[in-house]
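For reference, the chains in residue letters:
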Amino acid sequence: MNPFEQKHRNIDELIMDWDKMYPKPYDKNEVDPYTKTRVILMNGTEFEANWFLHQFSRNCENDDLRRELALLRRLEQQQQKLLSALKPIDESILEHTIGYEQLAVDLTAHLAQREPDQYVKKALDFALLEDFDHLYRYADLLEMDAGIKAEKLVGKYTEIMPGRPTISHHRYPKDDVKDAVNFRRADLQTKLAVNIITAAEQQTMNYYMNVCGFYCNDIGRRLYQEIGMIEEQHVTHYGCLLDPSATWLENLVLHQYTEAYLYWSCAKTEPDNRIRRIWEDLFEQEKVHLALASHLLEKMENKDAASVIGAKEFPAPLTLTSNIGYVRDVLKGTVQHTAVRESYAHVDDLRPNSDFFRYQRIVNNDTCNVASHKVIEMYIDKNGKDYRFETAPNPIPALRDRNDDNTSVGRVPGSV
């Protein structure tokens, strides 16, 4: 599929009335888990598109160009509003959160397995274990507060058990900065992966920032607060991989190409006929957006979109599916790793005065007061053991005890 060769509609034909902008929501009890995660993914992609377009406009002196951006931004806003309306009213904040974390796990695992750039793959594998552990913490809170087992929400496609413990994710901010990828030399798959994962993690960060204060009890509010801080780290971690030498218009083309690719992927992999028709229509809209962005790049910088994209043909569709074996392998091999400036290191190899240990002493000075640990301990106190969905024992022996939450793995030398 080459979206540049496809016929597309006039841009004014994309303006929606209110009925089209408010589709029927999915049924939370019947929907396929990956349909929910696709909705979350594309909502995040539209959020990124809108904020990028706002920042572009705020850094642009050409009013003719700003008018084109205003039109494009309004159309992206329509798409975002439509996607938000697909979430049903009876789906709680925490139920929706399980979808966010399942998306983070299976999207990251999928991207990592097809990533040709080993530096980018390491970045994906590293944060994968952290989102995997977040799913476990939220799942225990959900069962404790609402009596709902998250294994049903994830369709048993994604395991629910400890990864690198959340308490170990808190790092000195300077260690989150990573080397940028040179997009002029990078494979198209790498360009797409970096843009996709940055938008997805940014959406998770935004969601937790907004819903934290709305949760119904203090331990839930504190858990969202803590994990929201880690999502800030992840957005820095992934956002630094973006090529800062790309111009605003080059980035505009890459954003629109990424959106078109994702909607096409959703349409190719969606089992729900009604939702698939929505993906197909939004893909048709994105072809128009991409054509406008390409026209602006050619008009204002005398560059062809091929100079930004490289191969114009879409790669194989992005597929959300179960990745249990892959996650287990990454967990077994890298659970004791942490970030150190532009690279990664085994906790056992860090000096006692390293920034990681210094930051941990400040933030986690009292482990009993750390929400991600406290919520599991509260669940164990109430039920005798934690809540999990495992297909086999945890590959890390130190994380198999269901009667005591481990706070050493990933942050204390010699823990594994």
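Above this text you will find the structure in question.
Notes on the structure follow.

Quick look at the pattern of salt bridges
Then comes step 1: If you walk through the whole model with that rule in mind, you get 26 salt bridges.
Then comes step 2: Two residues, R341 and D175, come together in a salt bridge whose shortest N-O distance is 2.7 Å. Of this pair, R341 sits in the loop between β1 (337-340) and β2 (343-346) while D175 sits in the loop between α5 (150-153) and α6 (188-211), and the two are 166 residues apart along the sequence.
Then comes step 3: Here R341 falls in the partly exposed class, since its relative accessible area comes to 34%.
Then comes step 4: On the basis of relative accessible area, D175 is assigned to the buried category, the value being 2%.
Then comes step 5: Members of the salt-bridge network, linked through shared partners, are R184, D243, E250, E301 and K303.

A look at unusual backbone geometry
One can expect most non-glycine residues to show negative phi and most peptide bonds to be in trans.
Then comes step 1: Backbone geometry places K156, a non-glycine residue, at a positive phi of 60°.
Then comes step 2: The phi dihedral of R341 is positive, around 50°, even though this residue is not glycine.

Examining helix α2 (residues 63-85)
Then comes step 1: Its 23 residues place the ends of α2 33 Å apart at the C-alpha level, agreeing with the 33 Å of an ideal helix rising 1.5 Å per residue.
Then comes step 2: Taken together, the buried positions of α2 are occupied by L65, L69, L72, R73, L75, E76, Q78, Q79, Q80, L82, L83 and A85.
Then comes step 3: Where α2 is buried, its residues meet α1 (33-58), α8 (248-269) and α9 (273-301).
Then comes step 4: N-capping of α2 is provided by N62, with a side-chain oxygen placed 2.9 Å from the backbone N of D64.

Some words on the side chain of S57
Then comes step 1: Within the secondary structure, S57 is located in helix α1.
Then comes step 2: The residues touching S57, leaving out its near neighbours within four places in the chain, are R66, L69 and R73.

Description of the environment of Q360
Then comes step 1: Along the chain, Q360 falls in helix α12 (residues 355-363).
Then comes step 2: Relative accessible area serves as the criterion here: at 5%, Q360 is assigned to the buried category.
Then comes step 3: Q360 sits 192 residues away from S168 along the chain, and the two C-alpha atoms are 8.0 Å apart.
Then comes step 4: Contact partners of Q360, with chain neighbours within four places excluded, come to I167, S168, H170, N365 and R411.
Then comes step 5: Within polar-contact distance, the side chain of Q360 engages the backbone oxygen of H170 at 3.0 Å.

About the thresholds
- Residues numbered from 1 in each chain as written.
- Predicted model: local features only at pLDDT ≥ 70, side-chain atom pairs only at ≥ 80, totals over all residues.
- Heavy atoms only, no water.
- Salt bridge = Lys/Arg side-chain N within 4 Å of Asp/Glu carboxyl O.
- Helix = DSSP H or I, 4+ residues; strand = E, 2+ residues; numbered from the N terminus.
- Buried < 20%, exposed > 50% of the residue type's maximum accessible area, 1.4 Å probe, protein only.
- Expected span 1.5 Å × (residues − 1).
- Contact = heavy atoms within 4.5 Å.
- Polar contact = N/O pair within 3.5 Å; in protein donor to acceptor, adjacent residues only side chain to side chain.

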